[in-house]
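Each chain is listed here by its residues.
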Amino acid sequence: MLTIHAAELLLPGGGHAPVPGGAVAVRGAEIAALGPYEEVAARHPGARVRRWPGVLTPGLRQWHGHWLLTRVYHPDPREADELGTAPLVGPAFDALAPDAARMAGSVRRGIQRMMAHGTTHVGLGAGPAEVRQAVARAGLREVPKASVLAPPVWDGPDLDPFVEGYDLAGAVHGPLTVGGLADLAAFDVADETDLVARGAATCVATVLGGRLVYRAR
């Protein structure tokens, strides 16, 4: 079934102009059309429509997937009383010394939390086989970069690609294009300036290869 994702503002990326009242039509794993909602809907009558608040953008790129999945522990909600809910890093991670089973759960939660920040592309470098397998099962796409094994340049872990991407052009995987893979995200913000200021925690939906892999409740 063809699905139309619509929002108050579409930011296609790649230097293309924002589209007020924009939409992206998705067929299978690919983008079938994008532009003003009225035009997209007219060309695809009967399509299922998902409306999101705020803006639609390409999916985001997280350079430090290797570090966030191997040197950070993402607590289980059931561990909140003991460990809190924030990622554990540095001395806290070392003190916990999670075993392989515990880290496997952390990796799964870390991937889920990346997708909850609009991430569709991740840098892993020469990561452990089990991490690469978990990322592949989730459908996240690897991106090559020589420095992906380096720890982030900021003070502590951050799941928000805007922390290092700085702006939308620096944080997205690439522009949305007809015939390209349907990797996109929706954020409950007013515009690009608001998105960069408030960050990827405003994500309300992430679509990966046409699949809705995250939806805020």
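Residues numbered from 1 in each chain as written. Predicted model: local features only at pLDDT ≥ 70, side-chain atom pairs only at ≥ 80, totals over all residues. Heavy atoms only, no water.

**Q** Quick question: what am I supposed to make of the environment of R141 here?
**A** Within the secondary structure, R141 is located in strand β12 (residues 141–142). Residues within four places of R141 in sequence aside, it is in contact with T120, H121, V122, L181, D183, L208 and G209. (Helix = DSSP H or I, 4+ residues; strand = E, 2+ residues; numbered from the N terminus. Contact = heavy atoms within 4.5 Å.)

**Q** Just to check I follow, could you spell out the nonpolar core for this structure?
**A** Nonpolar side chains in soluble globular proteins tend to be buried together. Core analysis: the largest hydrophobic core is formed by 17 residues, its most contacted members being L69, I111, V135 and L140. Elements with a minimum of two residues in this core: α2 (65–70), α5 (100–115) and α6 (129–138). Once you skip the residues sitting within four places of it in the chain, L140 turns out to touch I111, M115, T119, T120, H121, V122, V135 and L208. Judged by nonpolar contacts, the second largest core, of 15 residues, contains A7, L10, V26 and V204. (Core = buried A, V, L, I, M, F, W, Y, C linked by side-chain atoms within 4.5 Å. Buried < 20%, exposed > 50% of the residue type's maximum accessible area, 1.4 Å probe, protein only.)

**Q** Got a minute to help me understand the pattern of salt bridges in this structure?
**A** A side chain of one charge can pair with a side chain of the opposite charge if their charged atoms are brought near each other. Taken as a whole, this structure holds seven salt bridges when the rule is applied. One salt bridge in this structure joins R109 and D76, with 3.5 Å as the shortest N-O distance. Separated by 33 residues along the polypeptide, R109 in helix α5 and D76 in the loop between β9 (72–73) and α3 (80–83) bring together distant segments of the chain. No difference in accessibility class separates R109 from D76, as the two residues are buried. Salt bridges sharing common partners tie together D76, R78 and R109. (Salt bridge = Lys/Arg side-chain N within 4 Å of Asp/Glu carboxyl O.)

**Q** Help me understand α6 in this model?
**A** Every α-helix carries 3.6 residues per turn, so stepping three or four residues along brings you back to the same face. By the burial criterion, the buried members of α6 are V131, A134, V135 and A138. An end-on view of α6 places all buried positions within 95° of arc, on one side of the element. Set apart from the buried face of α6 by more than 90 degrees, the exposed residues are A136 and R137. Tucked inside the fold, the buried residues of α6 contact α2, α5, β11 (119–122), β14 (203–208) and β15 (211–215). With its phi angle positive at about 90°, G139 sits one or two positions after the end of α6. (Arc of directions from axis to C-beta.)

As far as function goes, none of this settles anything; it's purely spatial.
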